Amino acid sequence: MSLSVTLTINGARKDVVLEDPRVTLLDLLRERLHLTGTKKGCDRGQCGACTVLVDGRRINACLALAVSLDGAEVTTIEGLAEGEALHPVQQAFIDHDGFQCGFCTPGQIMSAVGLIGEGDAGTDPDRVREGMSGNICRCGAYKGIVEAVIEAQEKTEKNERRVA
């Protein structure tokens with residue numbers, strides 16, 4: 001039995017036929033749509049390497065069945081930059097050395113974007129660490145990650161005040 005789903009992925013509409021209703025969003029992104037920036041870490045929702053945004057909210061793509069997301073808007077790491085201009089969170093991760101091996105970085109960045117977008121980041125390091133606790137960095141780059149999230153949050157607040 002095949003099922004059809006329509007997703008908007010990084011701003012582009014994708015009509016996908018799923019031969020198996022058990023296909024996860026992670027496997028759809030990586031294997032069918034060749035968006036390999038989203039990483040497969042534990043494949044159990046424990047590491048956060050597969051974090052993407054669905055309708056603006058953070059999810060572990062390894063836990064979400066693609067068929068359950070029909071009509072959703074999905075943003076992956078590939079959809080953050082605008083041309084050559086990096087997203088403020090991406091730039092902050094570079095500026096603060098918020099990565100080492102880089103494997104967890106896409107999930108960390110997507111989680112940070114979601115945390116800021118949800119209005120839950122703040123500028124308190126403990127609050128940021130708690131908000132990012134679903135994303136594991138095996139290299140231990142947490143200091144740079146927290147600094148990057150705080151800087152991106154502050155820049156986002158300044159930009160929002162300018163617009164208002």
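Just so it is clear, the structure is predicted and the values come from calculations on it, not from any experiment.

> Before we move on, can you summarise the pattern of salt bridges with the specific residues and values?
Within the structure shown, the criterion is met by 8 salt bridges. For Asp 43, the salt bridge identified is with Lys 40, shortest N-O distance 3.8 Å. Close ionic contact of Lys 143 with Glu 147 constitutes a salt bridge, the shortest N to O distance being 2.5 Å. In this pair, Lys 143 and Glu 147 are both assigned in helix α5 (residues 142–163), 4 residues apart and thus about one turn of the helix distant. Residues joined by salt bridges that share partners form a network here, namely Asp 27, Lys 40 and Asp 43.

> Quick rundown of the environment of Tyr 142? Include the residues and the values.
With respect to the secondary-structure elements, Tyr 142 resides in helix α5. Considering only alpha carbons, one finds Tyr 142 and Gly 98, 44 residues apart in sequence, at a separation of 7.0 Å. Not counting residues within four places of it along the chain, the set of residues in contact with Tyr 142 comprises Asn 135, Ile 136 and Cys 137.

> Which residues make up the nonpolar core, and what are the values?
A general feature of soluble globular proteins is that nonpolar side chains tend to end up buried together. Ranked by size, the top nonpolar core spans 24 residues in total, and within it Val 89, Phe 93, Ile 109, Met 132, Ile 145 and Val 149 carry the most contacts. Counting only elements with at least two residues in this core, the list comes to α2 (88–95), α3 (105–117) and α5. Not counting the four nearest positions on each side in its chain, Val 89 is found in contact with Ile 109, Ala 112, Val 113, Ile 116 and Ala 152. Counting 20 residues, the second largest nonpolar core, distinct from the first, contains Ile 9, Cys 50, Ala 61 and Cys 62.

> How would you explain the domain arrangement of the protein chain if you had to name every residue and give the values?
Segmenting the protein chain into domains produces domain 1 (3–79) and domain 2 (88–163). Put simply, the middle of domain 1 and the middle of domain 2, counted by C-alpha atoms, are 22 Å apart. Taken together, the 16 residues of domain 1 in the interface contact 16 residues of domain 2. Of all residues in domain 1, the largest losses of buried area upon contact with domain 2 belong to Cys 47, Arg 58 and Ile 77, amounting jointly to 44% of the total for that side. Connecting domain 1 to domain 2 are 1 salt bridge. We note a salt bridge from Glu 118 to Arg 58, for which the minimum N-O separation is 3.1 Å. Linking domain 1 to domain 2 there are 7 residue pairs in polar contact (both at pLDDT 80 or more). Breaking the side of domain 1 that touches domain 2 down by element, the ones donating at least two residues are β3 (51–54) and β4 (57–60). With 3 residues, the single largest contributor to the side of domain 1 that touches domain 2 is β3.

> Provide a residue-level description of a nonpolar patch on the surface, including the pertinent values.
Taken together, the side chains of Leu 86, Ile 94 and Phe 99 make up a nonpolar region of the molecular surface, amounting to roughly 240 Å² of accessible area. Note that Leu 86 resides in the loop between β5 (73–75) and α2. Since its relative accessible area comes to 38%, Leu 86 is described here as partly exposed.

> Describe in detail the state of the cysteines, supporting the description with residues and values.
On inspection of all chains with the given rule, the structure shows 0 disulfides. Free cysteine Cys 42: the closest other cysteine sulfur is in Cys 47, separated by 3.8 Å. With no disulfide of its own, Cys 62 lies closest to Cys 50 among cysteine sulfurs, the gap being 3.7 Å.

What counts, and where the lines are drawn
- Residues numbered from 1 in each chain as written.
- Predicted model: local features only at pLDDT ≥ 70, side-chain atom pairs only at ≥ 80, totals over all residues.
- Heavy atoms only, no water.
- Salt bridge = Lys/Arg side-chain N within 4 Å of Asp/Glu carboxyl O.
- Helix = DSSP H or I, 4+ residues; strand = E, 2+ residues; numbered from the N terminus.
- Contact = heavy atoms within 4.5 Å.
- Core = buried A, V, L, I, M, F, W, Y, C linked by side-chain atoms within 4.5 Å.
- Buried < 20%, exposed > 50% of the residue type's maximum accessible area, 1.4 Å probe, protein only.
- Domains from an automatic or database assignment.
- Buried area = accessible area lost by both parts, 1.4 Å probe.
- Polar contact = N/O pair within 3.5 Å; in protein donor to acceptor, adjacent residues only side chain to side chain.
- Patch = residues over 30% accessible without salt bridge, like charges linked within 9 Å, V, L, I, M, F, W, Y side chains within 5 Å.
- Areas by Shrake-Rupley, 256 points an atom, 1.4 Å probe, with all protein chains shown as cover.
- Disulfide = S-S within 2.5 Å.

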